[in-house]
Amino acid sequence: MKPFRLFSFLFAAWPVFAHAALNVFACEPEWGALATELGGDAVKVYTATTAMQDPHHIEARPSLIAQMRRANLAVCTGAELEIGWLPVLLQQSGNAAIQPGQPGYFEAARQVALLEKPMVLDRAQGDIHAAGNPHVQTDPRNIARVAQALAARMAELDPARAALYRARLAGFNTRWNAAIARWQAEAAPLRGMPIAVQHLGFPYLENWLGLKQVAVLEPKPGVAPSVGQLADVAARLKATPARAVIRAAYQDPRPSEWLAAHAGIPAIALPFTVGGSARAGDLFGLFDDTVDQLLRAAR
Amino acid sequence: MLRPALLAAALAAAFPAHADDQADLAALRAEVQAMKTGYEARIQALEARLAKAEAAAAAPSAAPAASAAPVEAASSAPANPGAFNPAISLILQGGYANLKDIPARQIAGFLTNDAASTPARGFSVDDSELVLASNIDPYFRGYFNATLNDGSVGVEEAWFQTIALGHGLTVKGGRFRSGIGYQNEQHPHAWDFATNNLMYQTLFGEGYGNDGLQLRWVAPTDLFTELGAEIGRGAQFPGTDRNRNGAGSYALYGHIGGDVGESNSWRGGVSYLSTRADARTGTLTDSNGTLVDTAFSGDSRTWMADFVWKWAPLGNPTVRNFKFAAELFRREESGGLSCSGGLLCTGSAGAYQATQYGGYAQAAYQFMPRWRVGYRYDVLDPGSREYGLNDTALPRTDYRPTRHSLMVDYSPSEFSRLRLQVTQDRANVGQDENQWYLRYIYSLGTHGAHTF
Ligand SMILES: [Zn+2]
């Protein structure tokens, strides 16, 4: 065995000696922010989408393929949220490490219990998610569960910094649990508050804060409501009034605003994810803003 | 040669190698593994001690928040029981066309693929497309696309593709649409217009497919950069099946792409296709105005340039979006051409040399959810043609075929689309007409993700 060959092989193949940052490809901003919380400077996070984009409908742009090509870890929601674009990125990237089934492929929805699993799979029901509702990030307790699993995965992929990920997870948990306790105390008046939603995007938030969803604007998931359908919703709200109509920041404001004007209730654009409002600059700001906006509507 | 070397390297990475000199490498790997295991054990021991110390420090808050809601079991398995089965989708398409009764439509000055179907007048059903796709195992993906119509089944694509090569490399093998150009990999249901553009119709009939191998490489750069090389049977127009070993055609292409701000993205590229034809049949008009049969044998080389630009406000295309696409080509064909039929052509063979050009530019704008309008301009330049001995029998027109198309489409959901198109067709001298098309496109079952 030639010593030079052995040495050069070691240099190329030994992860303990490789100090390059872990390249994280985050499908949605909340997972990008979480990876940054857990990895700090040890990770290089690329967030594929913004809070102003509909994560169901993203163009499989060349820039995304180029970023996926270099990723060591892809952190996505899963549960078919990205079914219209993520497969193209995975197939065209030529990156073996982030293919489903590999340690470099991480699905947040696998770490939590999904709500709204459909009983019947029929396209006449609209663009439904067969695995259950994928919008898990609106409950901070889900974020905590995903953090646990994600830190473990990062440690597995980058064993040289396993201790760092564990330490940062512990620090995050401390701050996060304190924040959850605070949000829950603040949000106590929201329990039982009736709301209307534009898209079925908030079941986890409703479950967490005890909000009561009394109307949905989209006649079927992913199908924009017509004025006639909005009028029907407004009529139904006369019998069961809602305190506010809620949408995600990326959604077309017109249906919510039409209903708000006709039902005399405030229309709220919740940030939905990191970057969805000026205050939602990180995961903590995301829930600070969400809880505050709901409290303002409840007053 | 770079190409075979790259291919060999890719194949060597895809399949376990058994060559003798691999033994040396295996021994080296084992040695490294042993050292690595030793070090890892020691590092893990240190990490465990560190973690213990940390846990002691952070004990009160290390677990997820204790909260009122019961902790639910995580969803460990995919909920879809059919997840292991191939994704199946069926495309239904058809419609109505209002066209003049022109028995043999020609594109002035070009030797085209006569097998390319001209749209039927009145009501008709286009080919239904059946698509099956799935990961085969952790190493390969499979895809099958068949077109079905009265008494005929066509295998449009049937290929495997590697998923575990890494390093940005993928190898595809079987029958596939070539990666050249922009529109080439799209099947008709993915087009933005009811009819094919004049460039692709002239160059290939519909699109260029091949039985062969494709090697693609994506560079590890911020700017999207992909290079592709293909070898294949070359049986499709502009080549012909030639009953021989080896490759009948090859193609090379490169694409780059990226974003400009949050709202704009683009991709551009160049492609080259080289193939050979042996007695490829075609039709031309002779000096008497009679249609004559031609047979071309020789080399066909095509260069293409493509550019796509997409806009969506803040990258969110759901309400409004805009797409622009343009492609250009230059084709050189040289060899011999014989013509027969009519009074002037009596099986006479002559030298043939042609350099021809063309392209299209199109734009589609979604101005509100579900509704889009689009415009396409097609133009061809017959360029220079030499018929050798047949020069007197075959006139050379300088007529430039053009088409203007306007379309509006309505998509009740992403699984259904209805389209109205009007086309001013000037593909041939004295063949001017206004064409009307109504089209429906429905996709049943799994809807595959869209490429850019
Ligand atoms: Zn959804």
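Here is what the cut-offs are and how they apply
Residues numbered from 1 in each chain as written. Chains lettered and ligands numbered in written order. Predicted model: local features only at pLDDT ≥ 70, side-chain atom pairs only at ≥ 80, totals over all residues. Heavy atoms only, no water. Helix = DSSP H or I, 4+ residues; strand = E, 2+ residues; numbered from the N terminus. Rg over C-alpha atoms; globule rule 2.2 N^0.38 Å. Buried < 20%, exposed > 50% of the residue type's maximum accessible area, 1.4 Å probe, protein only. Contact = heavy atoms within 4.5 Å. Areas by Shrake-Rupley, 256 points an atom, 1.4 Å probe, with all protein chains shown as cover. Lys, Arg positive; Asp, Glu negative; His and termini not counted. Charge placed at Lys NZ, Arg CZ, Asp CG, Glu CD. Pairing = 2+ DSSP bridges. Axes fitted to C-alpha atoms, helices over the stretch in contact; angles between N-to-C directions. Core = buried A, V, L, I, M, F, W, Y, C linked by side-chain atoms within 4.5 Å. 1 Å grid on protein atoms, 1.4 Å probe; cavity = no way out; pocket = protein on both sides within 12 Å on 5 of 7 lines; lining within 4 Å. Points joined across faces, edges and corners; volume = space filled by probe spheres on them. Nonpolar A, V, L, I, M, F, W, Y, C, P; charged D, E, K, R; others polar. Donors = N, O, S within 2.8 Å, 3.2 Å for Na, K, Ca; no water. Patch = residues over 30% accessible without salt bridge, like charges linked within 9 Å, V, L, I, M, F, W, Y side chains within 5 Å. Salt bridge = Lys/Arg side-chain N within 4 Å of Asp/Glu carboxyl O. Phe/Tyr/Trp six-rings, centres within 6.5 Å; stacked < 30°, edge-to-face > 60°. Lys NZ or Arg CZ within 6 Å of the ring centre and 35° of its normal.

Enquirer: I'm lost on the overall build of chain A in this one. Help?
Expert: Looking only at helices and strands, one finds 10 helices and 8 strands in chain A. Over its C-alpha atoms chain A spans a radius of gyration of 21 Å, differing by no more than 12% from the 19 Å that the globule rule assigns to 299 residues. Here the C-alpha coordinates of chain A stretch approximately 85 × 40 × 35 Å along the principal axes. When each of the 299 residues of chain A is scored for burial, the buried share is 59%. Contacts in chain A between residues far apart in sequence, at least 24 positions, make up 64% of those at least 6 positions apart. Total accessible area on chain A stands at roughly 11,300 Å², and carbon and sulfur atoms take up 57% of it. Here chain A contributes 28 positively and 25 negatively charged side chains, and the mean placements of these two sets differ by 5 Å.

Enquirer: Is there a simple way to think about the overall build of chain B in this case?
Expert: Counting its regular elements, chain B contains 3 helices and 17 strands. Each of the 452 residues in chain B was classed as buried or not, and the buried ones make up 44%. For chain B, restricting intrachain contacts to residue pairs at least 6 apart in sequence, the fraction spanning at least 24 positions comes to 62%. When the accessible surface of chain B is summed, it comes to about 21,600 Å², and 60% of that surface belongs to carbon and sulfur atoms.

Enquirer: Hey, could you run me through the sheet that holds strand E5 (residues 194-197) of chain A in this one?
Expert: Backbone-to-backbone hydrogen bonds join strands into a sheet, with any given pair of strands oriented parallel or antiparallel. Residues and elements named next belong to chain A. Pairing is parallel in the open sheet, where 4 strands are placed in the order E6-E5-E7-E8. Strands at the two margins of the open sheet, each flanked by one partner only, are strand E6 (212-216) and strand E8 (267-270). When strand polarity is set aside, the average angle formed by the axes of neighbouring strands in this sheet is 35°. In terms of strand pairing, strand E7 (residues 244-248) meets E8 through 4 bridges, oriented parallel.

Enquirer: Just checking my understanding: could you explain the nonpolar core for this structure?
Expert: Across soluble globular proteins, you tend to see nonpolar side chains buried next to one another. Counting residues in hydrophobic clusters, the biggest one holds 66 residues, and the most contacted among them are A:Leu34, A:Trp176 and A:Leu294. Residues contacting A:Trp176, with those up to four places away along its chain left out, are A:Pro140, A:Ile143, A:Ala144, A:Trp183, A:Leu283, A:Phe284 and A:Phe287.

Enquirer: Where do I start with the sheet that holds strand E4 (residues 105-107) of chain A in this structure?
Expert: Residue and element names in this part refer to chain A. Judged by pairing direction, the sheet is parallel, and its 4 strands sit side by side in the order E2-E1-E3-E4 without closing on themselves. Strands at the two margins of the open sheet, each flanked by one partner only, are strand E2 (43-47) and E4. Averaged over all pairs of adjacent strands, the angle between their axes in this sheet comes to 20°, without regard to strand direction. Strands in contact with helix H2 (residues 29-39) are strand E1 (22-26), E2 and strand E3 (73-76); relative to E2, the strand with the most contacts, it is inclined by about 170°.

Enquirer: Is there a simple way to explain empty space enclosed by the protein in this structure?
Expert: Any space left empty among the atoms is revealed by the rolling of a water-sized probe across them. Residue and element names in this part refer to chain A. Applying the stated criterion across every chain yields a total of 7 cavities of 30 Å³ or more. In this model, the largest cavity occupies a volume close to 90 Å³. A breakdown of the residues in the lining of the largest cavity according to their chemical character gives 6 nonpolar, 7 polar and 2 charged. Of the volumes computed, that of the second largest cavity is approximately 60 Å³. Gln137, Thr138, Phe202, Leu205, Leu270, Phe272, Leu286, Phe287 and Thr290 are the residues that line the second largest cavity. Broken down by element, the lining of the second largest cavity gets its largest block of residues, 3 residues, from helix H10 (residues 283-298).

Enquirer: Help me understand the coordination of the zinc ion in this model?
Expert: Ideal geometry at a metal gives 109.5 degrees between four tetrahedral donors and either 90 or 180 degrees between six octahedral ones. All names here are of chain A. Protein coordination at the zinc ion comes from His56 (NE2), His135 (NE2) and His199 (NE2), with a distance range of 2.2 to 2.3 Å. Mapping the donors of the zinc ion onto the primary sequence gives the spacing H-x78-H-x63-H. On the criterion of sequence distance, the pair formed by His56 in the loop between E2 and helix H3 (62-69) and His199 in the loop between E5 and helix H7 (203-209) is long-range, its members being 143 residues apart. Each member of the pair, His56 as well as His199, is classed as buried.

Enquirer: Where do I start with a nonpolar patch on the surface in this structure?
Expert: Residue and element names in this part refer to chain B. Among the surface-exposed residues, Tyr96, Phe123, Leu420, Trp436 and Leu438 lie close enough to one another that they form a single nonpolar patch of about 540 Å² accessible area. Tracing the chain through its elements places Trp436 in strand E17 (residues 433-445). Residue classification places Trp436 among the partly exposed positions, given a relative accessible area of 43%.

Enquirer: Would you mind showing me how to read helix H4 (residues 86-93) of chain A here?
Expert: Residue pairs three or four apart in sequence face the same way in an α-helix, which turns once every 3.6 residues. All of the buried residues in H4(A) are A:Leu86, A:Val88, A:Leu89, A:Leu90 and A:Ser93. Turning to H4(A), the residues buried within the fold contact E1, H3, E3 and E4 of chain A together with strand E7 (209-218) of chain B. Two residues or fewer after H4(A) comes A:Gly94, characterised by a positive phi angle close to 65°.

Enquirer: Please clarify how the packing of aromatic side chains should be interpreted in this entry.
Expert: Note on aromatic pairs: each is described by the distance of the centres and the angle between the planes. Evaluated as defined, the whole model comprises 23 aromatic pairs over all chains. Consider the rings of A:Trp208 and A:Phe287, whose centres lie 5.9 Å apart with planes at 85°: the pair is edge-to-face. With a gap of 79 residues between them, A:Trp208 in helix H7 and A:Phe287 in helix H10 connect regions that are remote in the sequence. With 4.8 Å between their ring centres and 15° between their planes, B:Tyr143 and B:Trp159 make a pair best called stacked. Residue B:Tyr143 is found in strand E4 (residues 140-149), and its partner B:Trp159 is found in strand E5 (residues 152-162); the two are separated by 16 residues along the sequence. Residue classification places B:Trp159 among the buried positions, given a relative accessible area of 9%. Taken together, the ring pairs in this structure connect A:Phe172, A:Trp176, A:Trp183, A:Trp208, A:Phe284 and A:Phe287 into an aromatic cluster. Directly above the ring of B:Trp159 sits B:Lys172, whose terminal nitrogen or CZ lies 4.1 Å from the centroid. Over the ring of B:Phe193 we find B:Arg376, and its NZ or CZ is 4.8 Å from the ring centre.

Enquirer: Teacher, can you tell me more about the side chain of B:Ser265 here?
Expert: Considering the arrangement of structural elements, one finds B:Ser265 in strand E10 (residues 264-285). Residues in contact with B:Ser265, not counting those within four places in the same chain, are A:Arg61, B:Gly258, B:Asp259, B:Val308, B:Trp309, B:Lys310 and B:Phe452.

Enquirer: Which parts of the structure should I look at to understand the pattern of salt bridges?
Expert: Side chains bearing opposite charge may pair, as long as their charged atoms lie close to each other. All told, the structure shown has 37 salt bridges over all chains when counted by the stated rule. In this structure, A:Asp139 and A:Arg141 form a salt bridge, with 2.8 Å as the shortest nitrogen-oxygen distance. The exposure classification of A:Asp139 matches that of A:Arg141, with both residues buried. In this structure, B:Arg396 and B:Asp391 form a salt bridge, with 3.5 Å as the shortest nitrogen-oxygen distance.

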